[in-house]
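Architecture at a glance
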Amino acid sequence: MPYQDVFLIFWKLVTESVEEGNFAKLTMAKTIGKPNLRNIFVRPIYSEDGFKVLLKLRYRSKETEDQTEELTLDEAFIILKSHLKTSFLTVVLFTTTKDVLFKVNKKGVGSFTENPPTFSDITQAKIDD
């Protein structure tokens, strides 16, 4: 199945984890080549105004300052989707009930696997994290 279709299924698991209150973190890793962008992290911000995420772009170069932005989940999806298969081949969803690893192989086929949870509780993001 094309990775875009599998990523939509994977993203449904992300939104369900938010709705259930067990979303802990999301990480994009396994870069293609050696780009300056090293990782993308998404951490939860639960507030009275609703759910938001803190999206952090981490760079290899010391000259490039890491970027942090507070977004809605839908806004984060657009950014993550744009980096999939162009900069990153894997996305890991960490929840308090399970971890889900999404991968794109060299042929452009997407898959995901579930593993036992890494996190037992949720740490909310702060703007200076």
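Each remark here, short or long, concerns the structure printed above.
Rules behind the numbers
- Residues numbered from 1 in each chain as written.
- Predicted model: local features only at pLDDT ≥ 70, side-chain atom pairs only at ≥ 80, totals over all residues.
- Heavy atoms only, no water.
- Helix = DSSP H or I, 4+ residues; strand = E, 2+ residues; numbered from the N terminus.
- Buried < 20%, exposed > 50% of the residue type's maximum accessible area, 1.4 Å probe, protein only.
- Pairing = 2+ DSSP bridges.

Turning our attention to the environment of leucine 8. Of note, leucine 8 is situated in helix α1 (residues 3-19). Given a relative accessible area of 48%, leucine 8 falls into the partly exposed group. Sequence separation between leucine 8 and phenylalanine 77 is 69 residues; the distance between their C-alpha atoms is 9.8 Å.

Take the pairing of strand β5 (residues 88-95) next. Counting buried residues along β5, 7 of its 8 residues qualify, which places the element largely inside the surrounding structure. The sheet contact formed by strand β1 (residues 23-31) and β5 spans 7 bridges and is antiparallel. Bridging from a neighbouring strand, threonine 31 pairs with phenylalanine 88 of β5. Where β5 lies against strand β6 (residues 99-104), 5 bridges are found, and the strand directions are antiparallel. Paired with threonine 90 across the bridge in β6 is lysine 103. Here β5 folds back onto β6, and the loop between the two strands holds 3 residues.

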